[in-house]
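Letter by letter, the chains look like this.
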Amino acid sequence: MSDEDTSQFDVDLRLAMSWLFDRGSVTLESLSDGAQKIVAAISARAPVPGLDDETQALIDVQRREDAELRKVQEIVSYERAKKRAKEMLRKESGGQVYAWAPVDIAAAWEAAEVEERADVGRLSGDMPIGLFYRGKINGVHAESEAGKSWFACLVVVQEIQAGRYVAYIDFEDDAASIVRRLSCVV
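Residues numbered from 1 in each chain as written. Predicted model: local features only at pLDDT ≥ 70, side-chain atom pairs only at ≥ 80, totals over all residues. Heavy atoms only, no water.

A. Quick look at the overall build of the protein. The helix and strand tally for the protein stands at six helices and zero strands. Taking all 186 residues of the protein together, 12% fall into the buried category. Of the roughly 15,700 Å² of accessible surface on the protein, 57% is carried by carbon and sulfur atoms. (Helix = DSSP H or I, 4+ residues; strand = E, 2+ residues; numbered from the N terminus. Buried < 20%, exposed > 50% of the residue type's maximum accessible area, 1.4 Å probe, protein only. Areas by Shrake-Rupley, 256 points an atom, 1.4 Å probe, with all protein chains shown as cover.)

B. Region of interest: the layout of surface pockets. Quantified by volume, the largest pocket comes out at close to 1,200 Å³. In terms of lining, the largest pocket is formed by 32 residues, of which the most central are Asn138, Val140, Ala152, Tyr168 and Ile169. Tallied by class, the residues present in the lining of the largest pocket amount to 16 nonpolar, seven polar and nine charged. (1 Å grid on protein atoms, 1.4 Å probe; cavity = no way out; pocket = protein on both sides within 12 Å on 5 of 7 lines; lining within 4 Å. Points joined across faces, edges and corners; volume = space filled by probe spheres on them. Nonpolar A, V, L, I, M, F, W, Y, C, P; charged D, E, K, R; others polar.)

C. Highlighting unusual backbone geometry. Positive phi outside glycine occurs at glutamate 145, with the angle close to 65°. As for its position among the elements, glutamate 145 is in the loop between α4 (105-113) and α5 (148-161). Its relative accessible area of 78% is what places glutamate 145 among the exposed residues.

In short, geometric facts, not functional conclusions.
Here is the structure:
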């Protein structure tokens, strides 16, 4: 056998073995003639145990039904989580849930007349305004190394010194790094 014949035989052998291990991957007829001959030779000497067509069809139906059931369970789980989130929002907001739904404009107009002030993170000087809203989700965005963490630590120290609680969530630094920064700001 030449090197080219050996190389083609290796390819045919790999194709045949792949098909024998996973018969559903491609049709036998789509394999090369050499691969088909190898499959026939191996099957004649050592039949590969398998399932009859009826049993395989039942297994396929069961797999499809399982996939559909998992999808339904995901939807139900999502709907339950959405319902719990709405209940939590309703409790936190005093009964009102904000969503994409019709809104009574008169009630919204009255609520807007009561000015909500940012009172967290007060600037020094005579200006009695803060930078963040209490009880809301606030964020600081800027390019890397702009001082966002230092700025947040300064506001945290102000709030702690005023006797208030602070939730500091940072996905990049560890607790020791934040404590070091807080101690430098104090």
